[in-house]
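Architecture and fold: a report
Chain by chain, the residues run as shown.
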Amino acid sequence: MENFIKSLNFVPKIWAALSYIAIMGFSLFLFFGRSIQEIRIELLTDMIPGFYKHVSNFSLTLMIFVTLGYIGLLVGLKLKHLTVIGIIIGITNLVFEFFIPILNTPDKTDAVYGIFGVILGLLFLYAMNISGLKKNEL
């Protein structure tokens, strides 16, 4: 483990590490709201009646992209490279939701939710890149 930490170019500031954990927790909370009615956020269902029918795409896309980006920033990837990764994830999501019926029911609304997951992830990674990292001194 110590070798892994030494291999990182950067380490997160406390707010960035806690924000990452909060994003993961919130995404899981939303994801499990699909099947656990008691934990659903009523404000979301009032504003967007079908929210929980599509939230899995949003949650999974957000968690995958933020995790890849978080680790990428720590090892020294530039934000422009992570943006390309986000675009690839978004395009893959669109192709899957529009054209590939294998293990999936094509759904344009799911595609939109996935794109929002990428956008929210990119906003977090942008903030982390600007002020959430410090040089690894180990």
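Structure first, text after, so check above.
Just so it is clear, the model here is predicted, and its values are computed rather than measured. (Residues numbered from 1 in each chain as written. Predicted model: local features only at pLDDT ≥ 70, side-chain atom pairs only at ≥ 80, totals over all residues. Heavy atoms only, no water.)

Considerations on the overall build of the protein
- Scanning the protein from N- to C-terminus turns up six helices and two strands.
- Every one of the 138 residues in the protein was classed for burial, and the buried ones make up 37%.
- Of the contacts made within the protein by residues no fewer than 6 positions apart, 71% connect residues no fewer than 24 positions apart.
- Here the protein has roughly 8600 Å² of accessible surface; of this, 71% comes from carbon and sulfur atoms.
- Side chains of the protein carry 10 positive and 8 negative charges; the gap between the two charge centres is 13 Å. (Helix = DSSP H or I, 4+ residues; strand = E, 2+ residues; numbered from the N terminus. Buried < 20%, exposed > 50% of the residue type's maximum accessible area, 1.4 Å probe, protein only. Contact = heavy atoms within 4.5 Å. Areas by Shrake-Rupley, 256 points an atom, 1.4 Å probe, with all protein chains shown as cover. Lys, Arg positive; Asp, Glu negative; His and termini not counted. Charge placed at Lys NZ, Arg CZ, Asp CG, Glu CD.)

Thoughts on the packing of helix 5 (residues 79-99) against helix 6 (residues 108-131)
- Here helix 5 crosses helix 6 at 170 degrees, and the two axes come no closer than 8 Å. With respect to helix 6, the axis of helix 5 lies roughly antiparallel. Together, Leu79, Thr83, Gly86, Ile89, Gly90, Asn93, Leu94, Glu97 and Phe98 of helix 5 and Lys108, Asp110, Ala111, Gly114, Ile115, Val118, Leu122, Leu125, Tyr126 and Asn129 of helix 6 make up the contact between the two elements.
- Looking at the contact of helix 5 with helix 6, its residues break down into ten nonpolar, six polar and three charged. (Axes fitted to C-alpha atoms, helices over the stretch in contact; angles between N-to-C directions. Parallel < 35°, antiparallel > 145°, perpendicular 65-115°, else oblique. Nonpolar A, V, L, I, M, F, W, Y, C, P; charged D, E, K, R; others polar.)

Comments concerning the packing of helix 2 (residues 14-32) against helix 4 (residues 51-75)
- Where helix 2 contacts helix 4, the two axes come as close as 8 Å, and the packing angle between them is 155 degrees. By the angle between their axes, helix 2 is roughly antiparallel relative to helix 4. Of the two possible hands of crossing, helix 2 and helix 4 adopt the one that is left-handed. Touching Ala16, Ala17, Tyr20, Ile23, Met24, Ser27, Leu28, Leu30 and Phe31 of helix 2 are Phe51, Tyr52, Val55, Ser56, Phe58, Ser59, Leu60, Leu62, Met63, Val66, Thr67 and Tyr70, all from helix 4. (Left-handed = near helix turned anticlockwise from the far one by under 90°.)

So, helix 4
- For helix 4, with 25 residues, the first-to-last C-alpha span of 35 Å sits near the 36 Å given by 1.5 Å per residue.
- The buried fraction of helix 4 amounts to 18 of the 25 residues, a majority that puts the element mostly inside the structure.
- The positive-phi residue at the C-terminal boundary of helix 4 is Gly76, with phi of around 110 degrees. (Expected span 1.5 Å × (residues − 1).)

Remarks on the side chain of Glu97
- Along the polypeptide, Glu97 turns up in helix 5.
- Although buried, Glu97 forms no salt bridge, and the nearest oppositely charged side chain, Arg34, lies 10 Å from it.
- Residues within four places of Glu97 in sequence aside, it is in contact with Asn57, Asn104, Thr105, Pro106, Asp107, Asp110 and Ala111. (Salt bridge = Lys/Arg side-chain N within 4 Å of Asp/Glu carboxyl O.)

Here we look at the packing of aromatic side chains
- Applying the stated criterion across every chain, the model contains five aromatic pairs.
- Centroid distance Phe51 to Tyr52: 5.0 Å. Interplanar angle 90 degrees. Geometry classified as edge-to-face.
- Take Phe51: its relative accessible area is 8%, and that puts it in the buried class.
- Taking 5.9 Å as the distance between ring centres and 50 degrees as the angle between the ring planes, the aromatic pair formed by Phe51 and Tyr113 counts as tilted. Within this pair, whereas Phe51 is found in helix 4, its partner Tyr113 is found in helix 6, the two being separated by 62 residues in sequence. We note that Phe51, like Tyr113, is buried.
- In textbook terms, an aromatic cluster arises when at least three aromatic residues are bridged by ring pairs, as seen for Phe51, Tyr52 and Tyr113.
- Above the face of the Phe31 ring, Arg34 is positioned so that its terminal group lies 4.6 Å from the ring centre.
- The ring of Phe10 carries Lys135 above its face, with NZ or CZ at 5.2 Å from the centroid. (Phe/Tyr/Trp six-rings, centres within 6.5 Å; stacked < 30°, edge-to-face > 60°. Lys NZ or Arg CZ within 6 Å of the ring centre and 35° of its normal.)

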